[in-house]
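Descriptive analysis of the structure
Chain residues, written in single-letter form:
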Amino acid sequence: MSYTITLAPDNAAFTAEAGEPVLNAAKRQGLNLPHSCQSGICGQCKAELVGGEVAQGAHAELALSAEEAAQGKILMCCAVPQSDIVLKVPGYNGAAMPPVKTFPARVASVVYGHDVAVLTLALPKAPPFAFLAGQYIDILLKNGQVRSYSIANSPSQPETLELHIRKREGGLFSGMLFGEDALVKEKAILRVRGPLGTFTLQEGGKPVILMATGTGFAPIRSILQQMAENGDARAVHLYWGARHEADLYRLQEAADLVAQLPNARFTPVLSRSDAGWQGAQGYIQARVAADYPDLSGHEVYACGSSAMIEGARQQLVAQCGLPAGAFFSDAFSPAA
């Protein structure tokens, strides 16, 4: 059994199989609906149910409150249609997004450092691959398994994709990439689908706070590169948080990127710093809140751990007056 999902007001439609979440069905059919974490945490895939019924799956209260649910709001990443449905999706601009496609990519290089591998993929020259800074791709593995990674390079470099992949104990793709018996090495061919996601810089001139933890630096790097290439003059402050200094695996590069912007600052933050560390300490959301007690005129872009995303959203909205609609996030949820 399948159900038809219609997007108002343009009446674009696609189908979902029984038990299939709305967002999964859209991705499968090449529609790039607004989303980020895909796990009910970030709230970026919130939509209004205009008609029909869905079963709403487990999610964070901050992503979808009981009051919002009572008003007909849903999270597309964990809402399963129970009938044909009609949705109104704020910010949906599918016609303006680069098309989603599946294609082969060759591993051009793998550079290991600390516990992060920088994987560079060479793409087919024709047709060129188009994406927006901040988007991600899916790597399609055997048995229908998928792993998602943010694109770390600028859209002006469509011939390659740079991915930052952390070594994780028991990780499926991580296990294929790290170790003496690594299967993913130079010249290997991977199947890739993308671009995906809507974690992209909004147009306008508002001051921007960029927050990253761990490999959440990858999409932030892409955004910074594009801003530098475009001569973006808006105020920017990058915060990159980690436990130890070695976890800031591209520390000097981050500083160099920020230095290319005319009105930008960089604050690395460690939560478990060594005695020799002279920089900021603690959690980055607390540091941002201390540095910017009034965020009413800012936009915040946060990428990294789910804990940081949830903590930052709650603290910056409640304590610093950040408008809820000015918090954009991409939560990384490791898959075993």
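Report follows, based on the coordinates. Remember, predicted model here, so these are calculated numbers, not experimental data.

1. Regarding the pairing of strand β9 (residues 116-122)
Within β9, seven of the seven residues are buried, leaving the element largely enclosed by the surrounding structure. Judged from the seven bridges that link them, β9 and strand β12 (residues 160-166) form a sheet pairing that is antiparallel. Residue pairing across strands places L121 opposite L161, the latter belonging to β12.

2. Structural notes on the sheet that holds strand β7 (residues 85-88)
Spatial ordering of the open sheet is given by β2-β1-β7-β3-β5, a layout of five strands whose pairing is mixed. Edge positions in the sheet fall to β2 (12-17) and β5 (73-75), since each of these pairs with one other strand and no more. Put simply, the sheet's adjacent strands are angled 40° from each other on average, direction ignored. The pairing of strand β1 (residues 2-8) with β7 spans four bridges and is parallel. By the bridge assignment for β7, L7 is matched with L87.

3. Some thoughts on helix α6 (residues 284-291)
Looking at α6, one finds that the buried residues are I284, Q285, V288 and A289. Buried residues in α6, looked at end-on, bunch into an arc of 140°, giving them a common side. Tucked inside the fold, the buried residues of α6 contact β14 (208-213), β15 (236-242), β16 (264-270) and α7 (306-320).

4. Structural notes on the nonpolar core
One broad rule of soluble globular proteins: the nonpolar side chains tend to lie buried together. Judged by nonpolar contacts, the single largest core of 27 residues is most densely connected at F199, L210, I220, L224, L238 and W240. Mapped onto this core, the elements with two or more residues apiece are β14, α4 (217-230), β15, α5 (251-259), β16 and β18 (299-305). In terms of residue count, α4 provides more of this core than any other element does, five residues in total. Residues in contact with F199, not counting those within four places in the same chain, are A133, G134, Q135, P219, I220, I223, Y301, A302, C303, F328, S329 and D330.

5. Focus: the environment of D294
Relative to the helices and strands, D294 resides in the loop between α6 and β18. Through-space distance from the C-alpha of D294 to that of L316 is 9.0 Å; in sequence the pair is 22 residues apart. Polar contacts involving the side chain of D294 include one to the side chain of S296, which spans 2.7 Å.

6. A few points about the pattern of salt bridges
Scanning the entire structure with this criterion turns up eleven salt bridges. Linking E20 and R28 is a salt bridge whose minimum nitrogen-to-oxygen distance equals 2.9 Å. Overall, R28 belongs to the partly exposed group, its relative accessible area being 44%. Here E253 ties to R250 by a salt bridge, and the two come within 2.9 Å at their closest N and O atoms. Taken together, the salt bridges that share partners define one network made up of E162, R221, R250 and E253.

7. Regarding the packing of aromatic side chains
For the structure shown, the criterion picks out nine aromatic pairs. The interplanar angle of 15° and the centroid separation of 4.9 Å between the aromatic rings of Y301 and F328 together place this pair among those described as stacked. Note that Y301 is positioned in strand β18 and F328 in strand β19 (residues 327-332), a separation of 27 residues in sequence. Each member of the pair, Y301 as well as F328, is classed as buried. Through a chain of ring-to-ring contacts, three or more aromatic side chains come together here, namely F103, F129 and F131.

8. Looking at the sheet that holds strand β11 (residues 146-150)
An order of β11-β10-β13-β8-β9-β12 is seen for the six strands of this open sheet, with the pairing classed as antiparallel. One side of each edge strand has no neighbouring strand; the edge strands of this open sheet are β11 and β12. Shown here is a sheet whose adjacent strand axes are inclined to one another by a mean of 40°, direction ignored. On the sheet, α4 packs against β11 and β12 and is oriented at approximately 145° with respect to β12.

9. So, the packing of α4 against α5
At their nearest, the axes of α4 and α5 sit 10 Å apart, and the two run at 30° to each other. Judged by the angle between their axes, α4 and α5 are roughly parallel. Handedness of the crossing formed by α4 with α5: left-handed. Contacts from F217, R221, L224 and Q225 of α4 reach α5 at E253, A254, L257 and V258. Class assignment of the residues belonging to the contact of α4 with α5 gives a composition of five nonpolar, one polar and two charged.

Rules of the game
- Residues numbered from 1 in each chain as written.
- Predicted model: local features only at pLDDT ≥ 70, side-chain atom pairs only at ≥ 80, totals over all residues.
- Heavy atoms only, no water.
- Buried < 20%, exposed > 50% of the residue type's maximum accessible area, 1.4 Å probe, protein only.
- Helix = DSSP H or I, 4+ residues; strand = E, 2+ residues; numbered from the N terminus.
- Pairing = 2+ DSSP bridges.
- Axes fitted to C-alpha atoms, helices over the stretch in contact; angles between N-to-C directions.
- Arc of directions from axis to C-beta.
- Contact = heavy atoms within 4.5 Å.
- Core = buried A, V, L, I, M, F, W, Y, C linked by side-chain atoms within 4.5 Å.
- Polar contact = N/O pair within 3.5 Å; in protein donor to acceptor, adjacent residues only side chain to side chain.
- Salt bridge = Lys/Arg side-chain N within 4 Å of Asp/Glu carboxyl O.
- Phe/Tyr/Trp six-rings, centres within 6.5 Å; stacked < 30°, edge-to-face > 60°.
- Parallel < 35°, antiparallel > 145°, perpendicular 65-115°, else oblique.
- Left-handed = near helix turned anticlockwise from the far one by under 90°.
- Nonpolar A, V, L, I, M, F, W, Y, C, P; charged D, E, K, R; others polar.

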